[in-house]
Structure formats: structure tokens, C-alpha cells
Amino acid sequence: MMPFAMLLGSVCYPFFSRLAFATPWLIFTMLLLTYCNLSLRRIRLLPMHAWLIGIQVLGSVAVYWLLHPFNEVLAQAAMICVMAPTATSAPVITRLLGGNVENLITYSLLCNGVVAVMAPLVFSWLGERESLSFVESFLSIGRRVGLLLIGPFVLGVLVRSLWPRVSEYGRAFANLSFCLWSVALTIVSANIVNFILAQDAGHYRLEMVIAAVSLVICVGQFLTGRSLGRRYGETVAGGQGLGQKNTILAIWMAQTFLNPLSSLGPGTYVLWQNLVNSFQVWRKAKS
């Protein structure tokens, strides 16, 4: 379904790109359905979370310094692909893969909080464009992740605690969250194609290099996360936590604080991570 959603969005981008306003509502609803199954007793910090945060923070700085001598835009694109926090939709895929959703949610909350603090500091240090103050940047980024991450989490916990019968309905329709994510993916893919086609043709070669580097980073993060998670018995949560990124937020951060062309990094990352997710779901279904 995910490759079909990306293909549909790419081919019919003039239509689906107009539906971008619906994406936050789709994500909010699918997270609420997922969180109705959430057990607060299973949410706890693990050593794996600290390792994943360290890889994400140090890795984003490392890839920037590694690629900076070759091309500044390429370095920024790679950095934002590593720095981007865990996707708000990651719990949906984690559940489909049979992973520990509570473990993933714990890391997602931690990761998004760290990025909300780290990103304004890094953007101010780069000084690529006139940027907002640290407080303004922090509040702007925090508002974008908070509403879609904290809102469904709190509401789902309240529904489960106060109205367990309503929560049962949420669990009954849990599979609907994947269908909603597929619709959101169609819209996101359309927006990416629309953005790429709007770029200057003179950047074609650089765009290809950015897409290739994004692919390497994507696969590398999934493999690293799964390898680290396997040591703690959390292979799926580790892979999705480090590999599945909030690319919508990453694209916005790149276009707002960095060279706008660097947003092609997370833009193409959307395609790569969902091809990886498609393969994982297919393999899970075959097993």
C-alpha cells in the first residue's frame, strides 16, 4: 500500500498537493487510535534510548563536518536527515511490525524534546540565514511537534483511563490508523514532487547527489537502530526510532533556517524510509 500511495501522490501531485492542510489532522487521528492501546506501565527509559540520542546528536554534527568541505547545501541536507526527530507516525509502523510501541513512544517523546532544544542552537551556529532568536525558534519548533505528539498522547491516555468503553472502540479501529497514514503519505509525496519540480534545473546534479546521500543515511540509520535495539531485545523499536523521521518537520526546518534546497534531503528521505517500511511490513507478513 505504501509504494502505491507514493506513486499515486507523485503522479497526481497537482491534485493531492492541494490537500496538504489535511495532513496534521490525519496524523492526529491515527496517533489517537494508536494511543488508545497504550499502556503507561510499559513506558520507561532504557539505556538504548541514551545511545540512540547520542547517535542522532553526534551523527548530525559529524555528517555536516564530513560533507561541508565538498558542498555546504549537501552538508546541511545530510545533517537535517540525521537530526530530524522520530516520526509521529512511527508507532503505527512499529505496531504493524510487532514491536514495542511503548518503547518507541518513550524514545519519540525524548527525541523530539532534545531536537527542539538542539536545533535552534545548531541553526544559530550555522548562521546560514537570518534566523529567529533561540527562544522564538524553540517555541516555533516545539509548537509544531507538541500539538501532533503530545495532544494525541494525552487525549489517548485520558480516554483509556476515564472512558475504557470508548477506548475499546479505538482498539477495534486500530488498523484504520495505517489507512490514514497511507492517505497522508500520498499527500506528502505529492508535496515533495511539487517542490522538486519547482526547483531550478541548474541544480539537477546536486539534487541527485542529495538524494543518493539521503538514501545512504536512511538505510544506515535503520540498520544502526536495529543493531543497537537487538542488544536490548527491541530490534523494531530501535530501527524505527532512529530510522523513521519526522520529515514534514525536517523539511520545514530546512526551508526556514537553512538553505531551502537542503530540504530535498528530508524530502527524498520520505521516499526511502517508506520503501524500507514497505519491505519490512511485507517481510513481516510473509513470516
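Higher on the page you've got the structure.
Residues numbered from 1 in each chain as written. Predicted model: local features only at pLDDT ≥ 70, side-chain atom pairs only at ≥ 80, totals over all residues. Heavy atoms only, no water.

Draft legend 1. Fine view of the overall build of the protein. Within the protein, the regular secondary structure consists of 14 helices and zero strands. Considering only residue pairs separated by 6 or more positions, the protein has 82% of its internal contacts joining residues 24 or more positions apart. For the protein, the computed accessible surface area is about 13300 Å², with 69% contributed by carbon and sulfur atoms. (Helix = DSSP H or I, 4+ residues; strand = E, 2+ residues; numbered from the N terminus. Contact = heavy atoms within 4.5 Å. Areas by Shrake-Rupley, 256 points an atom, 1.4 Å probe, with all protein chains shown as cover.)

Draft legend 2. Main features of the packing of aromatic side chains. This structure, assessed with the given rule, holds three aromatic pairs. Taken together, a centroid distance of 5.0 Å and an interplanar angle of 75 degrees make the contact between phenylalanine 15 and phenylalanine 16 edge-to-face. Given the relative accessible area of 15%, phenylalanine 16 is considered buried. With centroids separated by 6.0 Å and ring planes inclined at 35 degrees, the aromatic side chains of phenylalanine 279 and tryptophan 282 adopt a geometry described as tilted. Taken together, the positions of phenylalanine 279 and tryptophan 282, both in helix α14 (residues 264-286) and three residues apart, correspond to about one turn of that helix. (Phe/Tyr/Trp six-rings, centres within 6.5 Å; stacked < 30°, edge-to-face > 60°. Buried < 20%, exposed > 50% of the residue type's maximum accessible area, 1.4 Å probe, protein only.)

Draft legend 3. Focus on α14. In this model, α14 (23 residues) spans 33 Å end to end at C-alpha, consistent with the 33 Å of a helix rising 1.5 Å per residue. Every buried residue belonging to α14 is among Leu264, Gly265, Pro266, Gly267, Thr268, Tyr269, Val270, Gln273, Asn274, Asn277, Ser278 and Gln280, and all of these are buried. (Expected span 1.5 Å × (residues − 1).)

Draft legend 4. Expanded view of the side chain of serine 60. Looking at where serine 60 falls in the secondary structure, it is placed in helix α4 (residues 47-67). At 2.8 Å, the side chain of serine 60 and the backbone oxygen of valine 57 are in polar contact. Residues within four places of serine 60 in sequence aside, it is in contact with Ile55, Met79, Val82, Met83 and Met118. (Polar contact = N/O pair within 3.5 Å; in protein donor to acceptor, adjacent residues only side chain to side chain.)

Draft legend 5. Quick peek at a nonpolar patch on the surface. On the surface, a nonpolar cluster with roughly 330 Å² of combined accessible area is contributed by Ile150, Val154, Leu158 and Leu162. Judged by relative accessible area, which is 40%, leucine 158 ranks as partly exposed. (Patch = residues over 30% accessible without salt bridge, like charges linked within 9 Å, V, L, I, M, F, W, Y side chains within 5 Å. Salt bridge = Lys/Arg side-chain N within 4 Å of Asp/Glu carboxyl O.)

Draft legend 6. Layout of the packing of helix α5 (residues 72-83) against α14. Running from N to C, α5 and α14 point in directions that differ by 50 degrees, and their axes come no closer than 7 Å. With respect to α14, the axis of α5 lies oblique. Of the residues in α14, those in contact with Ala77, Ile80 and Cys81 of α5 are Gly265, Pro266 and Tyr269. Counted by class, the contact of α5 with α14 contains five nonpolar, one polar and no charged residues. (Axes fitted to C-alpha atoms, helices over the stretch in contact; angles between N-to-C directions. Parallel < 35°, antiparallel > 145°, perpendicular 65-115°, else oblique. Nonpolar A, V, L, I, M, F, W, Y, C, P; charged D, E, K, R; others polar.)

Draft legend 7. View of the nonpolar core. One finds Met79, Ile80, Met83, Phe123, Ile210 and Met253 to be the most contacted residues of the largest nonpolar core, which totals 40 residues. Counting only elements with at least two residues in this core, the list comes to α4, α5, α7 (101-126), α11 (204-231), α13 (247-257) and α14. Looking at this core element by element, the count peaks at ten residues for α5. Setting aside chain neighbours within four positions, we find isoleucine 80 in contact with Phe123, Ala250, Met253, Leu258, Ser262 and Pro266. If you look at the next biggest cluster of nonpolar residues, it comprises 26 residues, including Met2, Leu26, Tyr35 and Val157. (Core = buried A, V, L, I, M, F, W, Y, C linked by side-chain atoms within 4.5 Å.)

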